[in-house]
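# Structural overview for review
If you want the building blocks of each chain, they are given just below.
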Amino acid sequence: MYKEALEIKTNAFFQVTTIDGDMCRRLMEFDKNLEVRGLQHRANSEALLREMVPATYLEPLRKLVDVLNEDRFFNRMTLYDPQLYTTTPLNRIVDAAPPESYVSYRFNRDVDLFLEAADPDAKKRIKAQLEGWSANHDRLMPLFGTVDDFIEDDNITVSISAYSEKMELLREIEPHSINLSTLSKHALQALNGNPKGGGQQQLDTLLIRARKAHGATLLSIADGLSKLIKDKQGNLE
């Protein structure tokens, strides 16, 4: 009797999971209730980002971090010298990044919907996100500068030297910022029917770079961007 009940529950679990294709939909629904029950994973992430940058740069930094997730197999351990310990500050971007990027999940889902069914609403959402990501690295560039640079924050010139230690941590994800904006420009032009030149080999090299981990995080929309670019380029050939 117990065995039969267990089999029914197990089959029902995998049936629900398989219907959606992955666990993200269920995780997003469950995630909504976690803060009500006392967890502060969202609030802590936001607080960490606020500590890292002046207010002017919070929105573009959040836009980047929202499409990152932690690297697999505890590869974050390679970041720490000396070795990670209970007293090690959890103050890096990987600590603010979500374990699963829901922004990336929705974007990749919209790409599939647009490519499979030419859904006009999905195309609008994709285009709006690509436009934002295309310009995002330019907005973040001062954060990847030197301690002699300055940040303009609410009409007050703030020496970036006050953020020098945090800037070193931000530079860990600078390649993600570059790759996100570069690939988004390619994807936006492909979406508009005017793909950028440079050849397939150059694009493949860019996609390989975009899938590499930096700062123990992964750019989790790389596959969606790749799919969109290659599909639109193929249709134009």
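Because the structure is a prediction, the values reported are computed rather than measured. (Residues numbered from 1 in each chain as written. Predicted model: local features only at pLDDT ≥ 70, side-chain atom pairs only at ≥ 80, totals over all residues. Heavy atoms only, no water.)

Before going further, it helps to examine the overall build of the protein chain. Tallying secondary structure elements over the protein chain gives eleven helices and four strands in all. Looking at the protein chain as a whole, 36% of its 237 residues are labelled buried. Here the protein chain has roughly 14,100 Å² of accessible surface; of this, 53% comes from carbon and sulfur atoms. (Helix = DSSP H or I, 4+ residues; strand = E, 2+ residues; numbered from the N terminus. Buried < 20%, exposed > 50% of the residue type's maximum accessible area, 1.4 Å probe, protein only. Areas by Shrake-Rupley, 256 points an atom, 1.4 Å probe, with all protein chains shown as cover.)

A word on the nonpolar core. By size, the foremost hydrophobic cluster in this structure holds 42 residues, and its most contacted members are Leu61, Ile93 and Leu130. Once you skip the residues sitting within four places of it in the chain, Ile93 turns out to touch Leu49, Met52, Leu61, Val65, Leu68, Leu170 and Ile173. (Core = buried A, V, L, I, M, F, W, Y, C linked by side-chain atoms within 4.5 Å. Contact = heavy atoms within 4.5 Å.)

Moving on: the packing of aromatic side chains. A full pass over the atoms with the stated rule returns one aromatic pair. Centroid distance Phe107 to Trp133: 5.0 Å. Interplanar angle 70 degrees. Geometry classified as edge-to-face. One end of the pair, Phe107, is in helix α6 (residues 102–117); the other, Trp133, is in helix α7 (residues 120–140), with 26 residues separating them in the sequence. Judged by relative accessible area, which is 3%, Trp133 ranks as buried. (Phe/Tyr/Trp six-rings, centres within 6.5 Å; stacked < 30°, edge-to-face > 60°.)

As a further point, take the pattern of salt bridges. This model, assessed by the stated rule, comprises twelve salt bridges. Among the ionic pairs, Glu46 bridges to Arg50, the shortest N-O distance being 3.3 Å. In this pair, Glu46 and Arg50 are both assigned in helix α3 (residues 41–52), four residues apart and thus about one turn of the helix distant. We classify Glu46 as partly exposed; its relative accessible area is 22%. (Salt bridge = Lys/Arg side-chain N within 4 Å of Asp/Glu carboxyl O.)

Attention now moves to the environment of Thr88. Here Thr88 shows up in the loop between β1 (68–70) and α5 (93–96). Polar contacts involving the side chain of Thr88 include one to the main-chain amide nitrogen of Tyr85, which spans 2.8 Å. (Polar contact = N/O pair within 3.5 Å; in protein donor to acceptor, adjacent residues only side chain to side chain.)

Within the element layout of this structure, Arg92 appears in the loop between β1 and α5. Here Arg92 is in contact with Leu48, Leu79, Tyr80, Leu169 and Glu172, once residues within four sequence places are set aside.

In short, shape yes, function no, at least from these values alone.
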